[in-house]
Amino acid sequence: MILDNGTLQVQTTTGGGLVGGIPQEAILQWGDPIPCHIVANTYNQRGSFKDSTFTQSNYTVWFDYGLYIFNAKRVRLISGKGEQLGEFEVQSIEHADWVGRTKIMV
């Protein structure tokens, strides 16, 4: 059994397109938190550029897929302590049928 140590939220868009020939702006929203197990593959704060620094990070995330059909392109990760780890593009999605969970890499 994998213990959940955080949550992920899926970014969705609503609206947008054309209404009466007038372009409408799409609205970005975050879905409900999904309990998940987050593992940092890379996390370093040594990135730097002129007069500033940045953090490089990528994660593997596991969650139950029995309740969720997952096809997101962008997610937000939050640790179990409530710390926002960041917003990430989904790099890969794999379903592990034997354990009933989905693995994504961001």
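Check the entry above for the structure.
First, a word on scope: everything that follows refers to the structure included in this document. Here the structure is a predicted model, which means the values were calculated and not measured.

Remarks on the packing of aromatic side chains
Scanning the entire structure with this criterion turns up 1 aromatic pair. Judged by centre distance (5.4 Å) and plane angle (70 degrees), the ring pair of Tyr59 and Phe88 falls under edge-to-face. Of this pair, Tyr59 sits in strand β4 (residues 52–64) while Phe88 sits in strand β6 (residues 84–89), placing them 29 residues apart in sequence. By relative accessible area, Tyr59 is classed as buried at 4%. The buried category is assigned to Phe88, whose relative accessible area is 10%.

So, the pairing of β6
One ladder, built from 5 bridges, connects strand β5 (residues 74–79) with β6; its direction is antiparallel. Residue pairing for β6: Ile78 is matched across the bridge by Gln84. The hairpin turn running from β5 into β6, its antiparallel successor, is 4 residues long, and Gly82 in that turn takes a positive phi close to 90 degrees.

Section: the pattern of salt bridges
Scanning all chains against the criterion turns up 5 salt bridges. The salt bridge partner of Arg74 is Glu87, with a shortest N-O separation of 3.7 Å. One end of the pair, Arg74, is in strand β5; the other, Glu87, is in strand β6, and 13 residues separate them in sequence. For Glu87, a relative accessible area of 35% puts it in the partly exposed group. The closest approach of N and O atoms between Lys103 and Glu94, which form a salt bridge, is 3.8 Å. Residue Glu94 is classed as partly exposed on the basis of its relative accessible area of 40%. Taken together, the shared-partner salt bridges in this structure form one network comprising Asp4, Asp64 and Arg101.

Focus: the side chain of Gln9
Topologically, Gln9 is positioned in strand β1 (residues 6–19). Residue class for Gln9 comes out buried when judged on its relative accessible area of 10%. Only 3.0 Å separates the side chain of Gln9 from the backbone oxygen of Gly31, close enough to count as a polar contact.

Comments concerning the environment of His37
Along the polypeptide, His37 turns up in strand β3 (residues 34–49). Separated by 29 residues in the primary sequence, His37 and Leu8 place their C-alpha atoms 9.3 Å from one another. Those residues within four positions of His37 in sequence are excluded, and the remaining contacts are Ile2, Leu3, Asp4, Asn5, Thr60, Val61, Trp62 and Arg101. Polar side-chain contacts of His37 include one of 2.6 Å to the backbone oxygen of Leu3.

Conventions and cut-offs
- Residues numbered from 1 in each chain as written.
- Predicted model: local features only at pLDDT ≥ 70, side-chain atom pairs only at ≥ 80, totals over all residues.
- Heavy atoms only, no water.
- Phe/Tyr/Trp six-rings, centres within 6.5 Å; stacked < 30°, edge-to-face > 60°.
- Helix = DSSP H or I, 4+ residues; strand = E, 2+ residues; numbered from the N terminus.
- Buried < 20%, exposed > 50% of the residue type's maximum accessible area, 1.4 Å probe, protein only.
- Pairing = 2+ DSSP bridges.
- Salt bridge = Lys/Arg side-chain N within 4 Å of Asp/Glu carboxyl O.
- Polar contact = N/O pair within 3.5 Å; in protein donor to acceptor, adjacent residues only side chain to side chain.
- Contact = heavy atoms within 4.5 Å.

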